[in-house]
Amino acid sequence: MDKPLSFGAELDEEQFETARKIMQRAREIGMSDEQARIAVAVAYQESGLRPNVGRGASGEFGVMQVMPATGREMGFSIEDLRDPDKNIEAGLTYLKQQLDQYPNNPRLAVIAYNAGPDSKFFSGGPLPESTAQYINNLTTYGAFEVPEEPKKSIGERITEQLQKFGERAMEDEGIQAA
């Protein structure tokens, strides 16, 4: 994925440095380039890539806005979550767990990151509106690759070209009749 994230040109020095740290650490823990881009987009959505953003409305902390209970499950204390580098580590660890759980669908991984892996959505319930907006924002940022159309067989391509040729011939006939 060569296209930069949509917010990249708007970052100040502090945000750029935070994004760089996230990319570097994501690669160090085994995330692909695509997954590292998602991690940067998640951090941008969560905190605007501000390392000292503080506590969120639901009690989450820092750059990656990690919930205290989630941090504890991974061995991070509340004090750790206040430290920007440890917060990035906690957030990336948690995001990687979700990406490993849904290796072919990063959107599901991000839903689990945002709403929690035990969200009712995963048992057939509705997607929370805030999570739908979260996914929409990450998509707008360019975090997710747009799937390529499947390759067509030679027969399908010939048929498609013949249809286009027939349509043009009909248009030309219409022009001549007028």
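Higher on the page you've got the structure.
Let us look at the structure shown here. Think of each chain on its own: its residues are numbered from 1, step by step along the sequence as written. Owing to the predicted nature of the model, reporting of local features is limited to residues with pLDDT of at least 70; listing and counting of side-chain atom pairs is limited to 80 or more, with chain, interface and lining totals taken over all residues. Each side-chain value is worked out from all heavy atoms of the structure, with water and hydrogens disregarded.

### A few points about the packing of helix H2 (residues 33–47) against helix H5 (residues 84–101)
Phase 1: Between H2 and H5, the least distance of the axes is 11 Å, while the angle of their chain directions is 125 degrees. Considering the angle they form, H2 stands oblique to H5. Two packed elements cross with a definite hand, and for H2 against H5 that hand is right-handed. Across the interface between the two elements, Gln35, Ile38, Ala39 and Val42 from H2 touch Leu92, Leu95 and Leu99 from H5. As a rule, the C-alpha atoms of each element are fitted with a line to give its axis, helices using only the stretch in contact, and angles between N-to-C directions run from 0 to 180 degrees. Helix numbers and strand numbers start at the N terminus; a helix is a DSSP run of H or I with at least 4 residues, a strand a run of E with at least 2. We call two directions roughly parallel when the angle between them is under 35 degrees, roughly antiparallel when it is over 145, roughly perpendicular when it lies between 65 and 115, and oblique otherwise. By definition, any crossing whose near helix is turned counterclockwise from its far helix by less than a right angle is left-handed, and any crossing with a clockwise turn is right-handed. By definition, residues are in contact when any of their heavy atoms lie within 4.5 Å.

### Focus on unusual backbone geometry
Phase 1: Of note, the phi angle at Leu49 is positive, near 60 degrees, even though the residue is not glycine.
Phase 2: Mapped onto the fold, Leu49 is located in the loop between H2 and helix H3 (68–73).
Phase 3: One non-glycine residue, Gln65, lies in positive phi territory at about 50 degrees.
Phase 4: Assignment of secondary structure puts Gln65 in the loop between H2 and H3.

### Quick word on the pattern of salt bridges
Phase 1: Salt bridges are identified by distance alone: a Lys or Arg side-chain nitrogen within 4 Å of an Asp or Glu carboxyl oxygen. Under the definition given, this model contains ten salt bridges.
Phase 2: Notably, a salt bridge pairs Asp80 with Lys86, separated by 3.5 Å at the nearest N-O pair.
Phase 3: Accessibility expressed as a relative area gives 18% for Asp80, which makes it buried.
Phase 4: In this structure, Asp100 engages Lys96 in a salt bridge whose closest nitrogen and oxygen atoms are separated by 3.2 Å. For every residue, the accessible area obtained with a 1.4 Å probe (protein chains only) is divided by the maximum for its type, and the residue is called buried under 20%, exposed over 50%, and partly exposed between those limits.

### Some points on the side chain of Glu60
Phase 1: With respect to the element layout, Glu60 can be found in the loop between H2 and H3.
Phase 2: Within this scheme the basic residues Lys and Arg register as positive and the acidic residues Asp and Glu register as negative, but His and the chain ends are omitted. Arg55 provides the closest opposite charge to the buried, salt-bridge-free Glu60, at an N-O distance of 6.9 Å.
Phase 3: Here a polar contact means two N or O atoms within 3.5 Å. Within protein one must be a hydrogen donor candidate and the other an acceptor candidate, and residues neighboring in sequence count only if both atoms are side-chain atoms. A distance of 3.0 Å separates the side chain of Glu60 from the backbone nitrogen of Ser58, its partner in a polar contact.
Phase 4: Residue contacts for Glu60: discarding those within four places in its chain leaves Gly54, Arg55, Gln65, Val66, Met67 and Pro68.

### Remarks on the environment of Val63
Phase 1: Within the secondary structure, Val63 sits in the loop between H2 and H3.
Phase 2: You can call Val63 buried: its relative accessible area is 1%.
Phase 3: On a C-alpha basis, the gap between Val63 and Tyr44 in space is 8.1 Å, while along the polypeptide they are 19 residues apart.
Phase 4: Dropping the residues within four chain positions of it, Val63 is found in contact with Thr18, Ile22, Ala43, Glu46, Ser47, Arg50, Pro51, Val53, Asn87 and Ile88.

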